[in-house]
Amino acid sequence: MKKILFMTAALTWALTGCASAGQEPDITAAEEIRQEGLSPADDGLPEEGKNENTKTENEGLDLPVLTEPPMMKVQYQGEEITCRSGGYEWTSPGEDDEMLTLAACGAHPLDMNFEKIIYLDNTESKAEIKLTFEVLPQTVTARYWDGQYRQKAWAYSEKYTDCPVTETEGGYLLTVPGNKMIVMEIYAVWEKEQYSGNAGYGLAVGPRGVTMFVKAVTDESIKAVFENSTDQEVIYGEDYFLEMKKDGTWQELPYATGGAKGYHDLAYIVLPGKTSECMIDYQWLYGTLEKGEYRLVKNIIMSTDAPPGETVILPEEKVTLTAEFTV
């Protein structure tokens, strides 16, 4: 008779908590379990994304008994990245054929830092990405959040959209928006004869471009982050304004200064492939913000470097970015 042991890996606690033994963990607990410097898509993975902790059911047969969730490969138009599992519960044979159950949970996908992103063709309104695993799960479900909600899982964890998933040869196809950056959570379930479990994976997907999101809000200031995934420089200044959602529509906030305002005439540059943080002291302009939903509005300029030896800047394009936050 096989014994069953239960062990829980004490990791970063998810906002929604960790499922107990025998329960299906909340999909929002799916997260990247990483040490310092490790990301959901890490270059130091085993060759071909093969799980290091596997056993073979029968010698000479390629029938692996996984002792932890396998890594997930994400493919789009020839590009591929590999993601480690985050929150999971897994039961498999241990020493002396004792059944060992491991459980772990981590941070919400919105609070992850993604070093690898699947970039989509900017011309597509919808796109399909393919998921593959060393051993295919029985079921896969997925959902996503707007990328502007990153770093704010405490406020926006429930503002998700379910993502269509279709089983295909060798994996699963996910249909995602092709015109905006999103953060995804993929939940997979394995039910095999000698092992079983479930796991969540975090993923960022979207077109190349410039995105802005609010990373932190205090009683006096806002910390915004610009991400530039284009091949052009991005320029922004200190000007901005705030809007508040009232009766379902965004309305510009009146200034607490009675209409008077002014900004330092400075320009900040975000190089191609880089990020930049911007601190905005809003209290002098708007006073204390009441509880509610807000969004930051800022203009940026997309510019192209001048040819060698010239100092002019080629034609520029003005773009308006918004990022929601909650007080």
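Residues numbered from 1 in each chain as written. Predicted model: local features only at pLDDT ≥ 70, side-chain atom pairs only at ≥ 80, totals over all residues. Heavy atoms only, no water.

> Explain the overall build of the chain to me, using residue names and the numbers behind them.
On a plain count of helices and strands, the chain comes out with two helices and 24 strands. Each of the 327 residues in the chain was classed as buried or not, and the buried ones make up 46%. In the chain, the proportion of contacts linking residues at least 24 apart, taken out of those at least 6 apart, comes to 72%. (Helix = DSSP H or I, 4+ residues; strand = E, 2+ residues; numbered from the N terminus. Buried < 20%, exposed > 50% of the residue type's maximum accessible area, 1.4 Å probe, protein only. Contact = heavy atoms within 4.5 Å.)

> Give a detailed account of the pairing of strand β23 (residues 293-303), specifying residues and quantitative values.
Sheet analysis places strand β18 (residues 233-236) next to β23, joined by four bridges and oriented antiparallel. Counted as the bridge partner of Glu233 is Ser303 from β23. Relative to β23, strand β19 (residues 241-246) is paired through four bridges, and the arrangement is antiparallel. Looking at β23, one finds that Met244 is bridged to Tyr294. Relative to strand β24 (residues 317-326), β23 is paired through 10 bridges, and the arrangement is antiparallel. Following the sheet pairing, Arg295 is matched in β24 by Glu324. (Pairing = 2+ DSSP bridges.)

> Tell me about the side chain of Glu324, and please be specific about residues and values.
Looking at where Glu324 falls in the secondary structure, it is placed in strand β24. Within the buried set, Glu324 has no salt-bridge partner at all; the shortest N-O distance to an opposite charge, 4.0 Å, is to Lys159. Of the polar contacts made by the side chain of Glu324, one reaches the side chain of Tyr149; its length is 3.3 Å. Those residues in contact with Glu324 that lie beyond four places of it in its chain are Gln148, Tyr149, Lys152, Tyr156, Lys159, Val214, Trp250, Glu293, Tyr294 and Arg295. (Lys, Arg positive; Asp, Glu negative; His and termini not counted. Salt bridge = Lys/Arg side-chain N within 4 Å of Asp/Glu carboxyl O. Polar contact = N/O pair within 3.5 Å; in protein donor to acceptor, adjacent residues only side chain to side chain.)

> Outline the sheet that holds strand β16 (residues 210-217), supporting the account with residue identities and numerical values.
With respect to topology, three strands assemble into an open sheet ordered β16-β17-β22, the strand pairing being antiparallel. Strands with a single pairing partner mark the edges of an open sheet, and in this sheet they are β16 and β22 (275-281). Across the sheet, the mean angle separating the axes of adjacent strands is 25° when strand polarity is ignored. (Axes fitted to C-alpha atoms, helices over the stretch in contact; angles between N-to-C directions.)

> I'd like a rundown of the pattern of salt bridges, residues and numbers included.
All chains considered together, the criterion is met by seven salt bridges. For Lys73, the salt bridge identified is with Glu80, shortest N-O distance 3.9 Å. By relative accessible area, which is 17% here, Lys73 ends up buried. In this structure Glu80 comes out as partly exposed when scored by relative accessible area, which is 40%. The residue Arg295 makes a salt bridge to Glu243 at a minimum N-O spacing of 2.5 Å.

> Residues and numbers for unusual backbone geometry, please.
The bulk of non-glycine residues show a negative phi, and the bulk of peptide bonds are trans. Positive phi values are uncommon outside glycine, yet Gln77 reaches one of about 45°. For Gln77, the position within the fold is in the loop between β4 (72-76) and β5 (79-83). Classification of Gln77 as exposed rests on a relative accessible area of 60%. Backbone geometry at Asp247 places phi at a positive 55°, although glycine is not the residue there.

> So what about the confidence of the model for the chain? Which residues, and what values?
Looking at the chain as a whole, the pLDDT averages 78, with 76% of positions reaching at least 70. Note on residues 1-61: pLDDT is under 50 here. Beyond four places in sequence and across chains, it has 154 contacts. Per-residue pLDDT stays below 50 along residues 306-315; that stretch engages in eight contacts with residues further than four places along the chain or on separate chains. (pLDDT = per-residue confidence, 0-100.)

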